[in-house]
2 protein chains.
Amino acid sequence: MRGEAIHLLSVKDENLKKEITLKDVAEAAGVSKMTASRALRGANDVSKVNVEKVKKAAKEIGYVGNHLAASLTKTNSNLIGVVLPNLTNIVFSHVMSGITGALDDTIFQPVFGVSDYDEEKEYEVIKNILSWRPAGLIVTGTNFPESTKLILRQAKIPLVQIMDTDGDIIDSVVGFSHEKAGYDMARALLETGRERIGFIGCIIENDFRAAKRKAGFIRALDEAGHNLVCDYNVDSVSTISVGRGLVDEALSAHPELDCIYFSNDDIAAGALFRCIEKQIAVPEDLALIGFNGMDISNCFPGKLGTSVTDRAGIGSAAAKILLRRCTGEMSIESEKIVLEPQIRLGNLLENSSSS
Amino acid sequence: MRGEAIHLLSVKDENLKKEITLKDVAEAAGVSKMTASRALRGANDVSKVNVEKVKKAAKEIGYVGNHLAASLTKTNSNLIGVVLPNLTNIVFSHVMSGITGALDDTIFQPVFGVSDYDEEKEYEVIKNILSWRPAGLIVTGTNFPESTKLILRQAKIPLVQIMDTDGDIIDSVVGFSHEKAGYDMARALLETGRERIGFIGCIIENDFRAAKRKAGFIRALDEAGHNLVCDYNVDSVSTISVGRGLVDEALSAHPELDCIYFSNDDIAAGALFRCIEKQIAVPEDLALIGFNGMDISNCFPGKLGTSVTDRAGIGSAAAKILLRRCTGEMSIESEKIVLEPQIRLGNLLENSSSS
DNA sequence: CTGAAAGCGCTAACAC
DNA sequence: GTGTTAGCGCTTTCAG
């Protein structure tokens, strides 16, 4: 019994002792902890001989630095917090991709949270991420409840809000006005002579940006003396099949439609697929307009209209702002970067009744 | 000069003093740091009165805990490392989504890294993430160079390899055999009577899984006494347009083709779009087979074949393994979870020459 | 149930 | 160039 207990103890001891620290590296290299520490980061004031010795020792004993401890000595860590509403929507994957791309080869690592378009959850996620004392934070959108804005401000770290420039801006922002994007597209469509325009969308609750595009779109129609011919909205995910179904419904209820504005490219593509089956000429008889300029918007080149957004560019620009503000002098001011979507109407331009 | 210096100092002091710590909470609540600490986590041995006092004080002074310091006292943090090859491919977004979903409402937060299918970079990313002393780690794939396997093993934390079950498994694994997936699909196609089968893929270097599917596919053809009629491979991203272009090329060079296997759904869909334009009957005259069962594989229901994979399920299962192993007794064993893809051939089944 | 002391692994600041 | 000292904010002992 006793022997076994001792054995267990020694095993446990071995596991605990396992953690290889800077001290071990220092001893193995025959220098002090400080010299080892300095040598392992970019050595400024360490002799070449010692740098070599330390790096060699570290590699040999398999030393893995402890960012936790290192960060504790500074006011914050080398983590960059990222809060996105969703990841199944590939738009945000592109954003995330832009962020990770910009953070490549830097000392920063993204810590990630998803809000699921839920304000409560978003608050909790942000709070949790702030507990890791990130050097900077990227959050999506400009519509936050007061409580969230409070902790964001109190964090006293560089903050970049992305995607949307319409609402409240706390610090820096990268994106564009979705209201304007919707407005501009409506103007462009009206210019091609289309007037009997409908809307079909998958705008889930709290997707403020899709709602803003729609609002801007309606505002432009209104200014031109038009209304939406029809207005369908479903709370769903499988957007291609939703587009297939709703375009059918819309066309039977409103055969006069000559254009439909969709909340995104997927649902517009779904509608196109259905129109191809029904042999409806797109865009000649019916223009279909999506949003984002994803790969799928080119499924049949020229057929779908869209606003091409630079998702990765937004993520990248946001991360770069943080890099500037976290590494450079703290004097760097807040920035506002607007990356306007590019309207692409394809064949619709060749078929405008005004030409 | 002197006055200014003092002023600057005092400003700096103010900023530094800014950090609100547990001590401040304790003082505000009139208890010791320890009582405050215990009260703020799930209090077991703290009087209800004190729990209330502490929580109230914390909220009032806007205290945000410091996970960095908390983690330093334990052997590792509440971070979960996640390393994926890529995020522009929506497959990995779905995986990530599954991971964050499973980590919701837990104390764990994902720390994220992208390898870009580059082994060097993957090694660096893993090493960097390990420096944050994560409680567990999720990595993609089963093909790692020796150096990477070494640090993975030395980390002594629960590890889950995802997506692929074919290669070297270090600890736990969630995914399926891509070799078998390719093999099974070829068998299924041969059973429908298709025999003049080609391959078109976007398999970038180090995308071991796509390569394994292709290898398994070829093995099944070989066993049945067949060869690939044609074999196109490009290193590109815009897969829809690649599919459009390559199917044209393949058909003019090999008009006898009755089936094409693609490396994924996007490129298969691109090919389908082109075939629709050319009025080629799919799948009657030409079967097109993708992989993953993404939304786009249903663009024209029944037309495309595919293997439906559960990406989110893989991410979720991997995260749950880590949760079990990080929170439960450490005695929990390694796990292997296989989530086989489901073959979906759509209209091809109704058109098989064997029926 | 509560508190005091010690220390997690590292680095800034100051000696030498 | 290099080493020593102190301490980041928290939690784990262990003593009340």
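Residues numbered from 1 in each chain as written. Chains lettered and ligands numbered in written order. Predicted model: local features only at pLDDT ≥ 70, side-chain atom pairs only at ≥ 80, totals over all residues. Heavy atoms only, no water.

### Topic: the protein's contact with DNA strand C
Next up, step 1: What surrounds DNA strand C is a group of 24 residues, the closest being L22, S37 and Y63 of chain A together with T35 and N50 of chain B.
Next up, step 2: Take the atoms of DNA strand C that sit within 4 Å of the protein: sugar and phosphate atoms are 65% of them.
Next up, step 3: Interatomic distance of 2.5 Å between a side-chain N/O atom of S37 of chain A and a phosphate oxygen of DNA strand C.
Next up, step 4: Taking T73 of chain A, its side chain carries an N or O atom lying 3.4 Å from a sugar or linking oxygen of DNA strand C.
Next up, step 5: Among the secondary structure elements, those contributing two or more residues to the surface near DNA strand C are α3 (33-40) and α5 (67-72) of chain A together with α3 (33-40) and α5 (67-73) of chain B.
Next up, step 6: Considering only residue class, the surface near DNA strand C consists of ten nonpolar, nine polar and five charged. (Near = heavy atom within 4 Å. Polar contact = N/O pair within 3.5 Å; in protein donor to acceptor, adjacent residues only side chain to side chain. Helix = DSSP H or I, 4+ residues; strand = E, 2+ residues; numbered from the N terminus. Nonpolar A, V, L, I, M, F, W, Y, C, P; charged D, E, K, R; others polar.)

### Details of a negative patch on the surface
Residue and element names in this part refer to chain A.
Next up, step 1: A surface patch of negative charge is lined by D118, E119, E120, E124, E205 and D235.
Next up, step 2: One can find E119 in helix α7 (residues 119-130).
Next up, step 3: Owing to a relative accessible area of 32%, E119 belongs among the partly exposed residues under this scheme. (Patch = residues over 30% accessible without salt bridge, like charges linked within 9 Å, V, L, I, M, F, W, Y side chains within 5 Å. Areas by Shrake-Rupley, 256 points an atom, 1.4 Å probe, with all protein chains shown as cover. Salt bridge = Lys/Arg side-chain N within 4 Å of Asp/Glu carboxyl O. Lys, Arg positive; Asp, Glu negative; His and termini not counted. Charge placed at Lys NZ, Arg CZ, Asp CG, Glu CD. Buried < 20%, exposed > 50% of the residue type's maximum accessible area, 1.4 Å probe, protein only.)

### Quick look at the pattern of salt bridges
Pairing between side chains of opposite charge can happen when the charged atoms of each approach one another.
Next up, step 1: With the rule as written, the count across this model stands at 40 salt bridges over all chains.
Next up, step 2: Of the charged contacts in the structure, one is a salt bridge between D171 of chain A and R325 of chain A, with a shortest N-O distance of 2.8 Å. Of this pair, D171 of chain A sits in the loop between β4 (159-164) and β5 (172-176) while R325 of chain A sits in helix α13 (residues 311-327), placing them 154 residues apart in sequence.
Next up, step 3: Classification of R325 of chain A by relative accessible area gives buried; the value is 10%.
Next up, step 4: D184 of chain B serves as the salt-bridge partner of K180 of chain B, at 2.7 Å between the closest nitrogen and oxygen. One end of the pair, K180 of chain B, and the other, D184 of chain B, are both in helix α9 (residues 178-191), four residues apart, so they sit about a helical turn from each other.

### Here we look at the side chain of T165 of chain A
Residue and element names in this part refer to chain A.
Next up, step 1: Within the fold, T165 resides in the loop between β4 and β5.
Next up, step 2: Here S177 takes part through its backbone nitrogen, which lies 3.1 Å from a polar atom of the side chain of T165.
Next up, step 3: In this view, T165 contacts V173, G175, F176, S177, K336 and V338; residues no more than four positions away in its chain are not counted. (Contact = heavy atoms within 4.5 Å.)

### Description of the environment of E195 of chain A
Next up, step 1: The residue E195 of chain A is located in the loop between α9 (178-191) and β6 (197-201) in this model.
Next up, step 2: Each C-alpha atom of the pair E195 of chain A and N264 of chain A lies 20 Å from the other, and the pair is 69 residues apart in sequence.

### As for the relation of the copies chain A and chain B
Next up, step 1: Of the transformation superimposing chain A on chain B, the axial component is 0.1 Å and the angular component is 180°, with the fit at an RMSD of 0.2 Å. What the superposition gives is, in effect, a two-fold axis relating one chain to the other. In terms of proximity to the rotation axis, the leading residue of chain A is V111 of chain A, whose C-alpha is 2.2 Å off the axis. (Least-squares fit on C-alpha atoms with pLDDT ≥ 70 in both.)

### Some thoughts on unusual backbone geometry
Residues and elements named next belong to chain A.
Next up, step 1: The residue after V282, namely P283, is reached through a cis peptide bond having omega 5°.
Next up, step 2: As for its position among the elements, P283 is in the loop between α12 (265-277) and β9 (287-289).
Next up, step 3: Positive phi outside glycine occurs at Y117, with the angle close to 60°.
Next up, step 4: Positionally, Y117 belongs in the loop between β2 (109-114) and α7.
Next up, step 5: For Y117, a relative accessible area of 13% corresponds to the buried category.

### Quick word on the domain arrangement of chain A
Next up, step 1: Taken domain by domain, chain A consists of domain 1 (2-65), domain 2 (79-176 + 312-340) and domain 3 (178-309 + 343-351).
Next up, step 2: Each of domain 1 of chain A and domain 3 of chain A has a C-alpha centre, and the two are 62 Å apart. (Domains from an automatic or database assignment.)

### Considerations on helix α4 (residues 48-61) of chain B
Residue and element names in this part refer to chain B.
Next up, step 1: Helix length check: α4, at 14 residues, gives a terminal C-alpha distance of 20 Å against a target of 20 Å (1.5 Å per residue), a fit within 8%.
Next up, step 2: For α4, the full list of buried residues reads N50, V51, V54, A57 and A58. Seen from one end, α4 has its buried residues packed into an arc of 140°, which puts them on one side. Seen from the buried face of α4, the exposed residues on the opposite side, beyond 90 degrees, are K48, V49, E52, K56, K59 and E60.
Next up, step 3: Directly after α4, the chain includes G62, whose backbone phi takes a positive value near 70°. (Expected span 1.5 Å × (residues − 1). Arc of directions from axis to C-beta.)

### Remarks on the sheet that holds β9 of chain A
Residue and element names in this part refer to chain A.
Next up, step 1: Taken in spatial order, the six strands of this open sheet run β7-β6-β8-β9-β10-β12, and their pairing is mixed. Among the strands making up the open sheet, the edge pair consists of β7 (231-233) and β12 (342-344). Between one strand and the next, the sheet's axes are offset by a mean angle of 15°, whatever the strand orientation.
Next up, step 2: Helix α11 (residues 239-253) contacts β6, β7 and β8 (259-262) of the sheet and is inclined by roughly 155° relative to β7. (Pairing = 2+ DSSP bridges. Axes fitted to C-alpha atoms, helices over the stretch in contact; angles between N-to-C directions.)

### A look at the nonpolar core
Across soluble globular proteins, you tend to see nonpolar side chains buried next to one another.
Next up, step 1: Ranked by size, the top nonpolar core spans 160 residues in total, and within it I162 and L288 of chain A together with I162 and L288 of chain B carry the most contacts.
Next up, step 2: In this structure, L288 of chain A is in contact with I260, F262, A268, A271, L272, C275, V282, K303, L304 and G305 of chain A, ignoring residues within four places of it in sequence.
Next up, step 3: Counting 34 residues, the second largest nonpolar core, distinct from the first, contains L130, I151, L152 and L159 of chain A. (Core = buried A, V, L, I, M, F, W, Y, C linked by side-chain atoms within 4.5 Å.)

### Some remarks on the packing of aromatic side chains
Next up, step 1: Using the criterion set out here, one finds twelve aromatic pairs over all chains in the structure.
Next up, step 2: Ring geometry for F300 of chain A against F273 of chain B: centres 4.9 Å apart, planes inclined by 50°, an arrangement best described as tilted. On the criterion of chain membership, the pair formed by F300 of chain A in the loop between β9 and β10 (304-308) and F273 of chain B in helix α12 (residues 265-277) is interchain, its members lying in two chains.
Next up, step 3: Judged by relative accessible area, which is 2%, F300 of chain A ranks as buried.
Next up, step 4: Owing to a relative accessible area of 0%, F273 of chain B belongs among the buried residues under this scheme.
Next up, step 5: Ring pairing ties together the aromatic residues F273 and F300 of chain A together with F273 and F300 of chain B, which thus form one cluster.
Next up, step 6: The lysine or arginine in question, R213 of chain A, covers the ring of F291 of chain A, its NZ or CZ lying 3.9 Å from the ring centre. (Phe/Tyr/Trp six-rings, centres within 6.5 Å; stacked < 30°, edge-to-face > 60°. Lys NZ or Arg CZ within 6 Å of the ring centre and 35° of its normal.)

### Observations regarding the protein's contact with DNA strand D
Next up, step 1: The full set close to DNA strand D counts 23 residues, and T35 and N50 of chain A together with L22, S37 and Y63 of chain B are the nearest of them.
Next up, step 2: Protein-adjacent atoms of DNA strand D, using a 4 Å cutoff, are sugar or phosphate at a proportion of 61%.
Next up, step 3: One of the backbone N or O atoms of S47 of chain A is found 2.6 Å from a phosphate oxygen in DNA strand D.
Next up, step 4: A distance of 2.5 Å is found between a phosphate oxygen of DNA strand D and a side-chain nitrogen or oxygen belonging to S37 of chain B.
Next up, step 5: If you list the elements that add at least two residues to the surface near DNA strand D, you get α3 of chain A together with α3 and α5 of chain B.

### Let's talk about the confidence of the model for chain A
Next up, step 1: In this model, chain A carries a mean pLDDT of 90, and residues with pLDDT of at least 70 account for 92%.
Next up, step 2: For residues 1-16 of chain A, every residue scores under 50 in pLDDT, and the model assigns this stretch zero contacts once sequence neighbours within four places are set aside. (pLDDT = per-residue confidence, 0-100.)

### Brief notes about the packing of α3 of chain A against helix α4 (residues 48-61) of chain A
Helix-helix packing is characterised by the crossing angle of the two axes and by the distance between the axes.
Residues and elements named next belong to chain A.
Next up, step 1: It is at 9 Å that the axes of α3 and α4 come closest, and there the two elements cross at 90°. Between α3 and α4, the crossing angle belongs to the class labelled roughly perpendicular. Of the residues in α4, those in contact with T35, A36, A39 and L40 of α3 are N50, V51, V54, K55 and A58.
Next up, step 2: Among the residues making up the contact of α3 with α4, the classes are represented as six nonpolar, two polar and one charged. (Parallel < 35°, antiparallel > 145°, perpendicular 65-115°, else oblique.)

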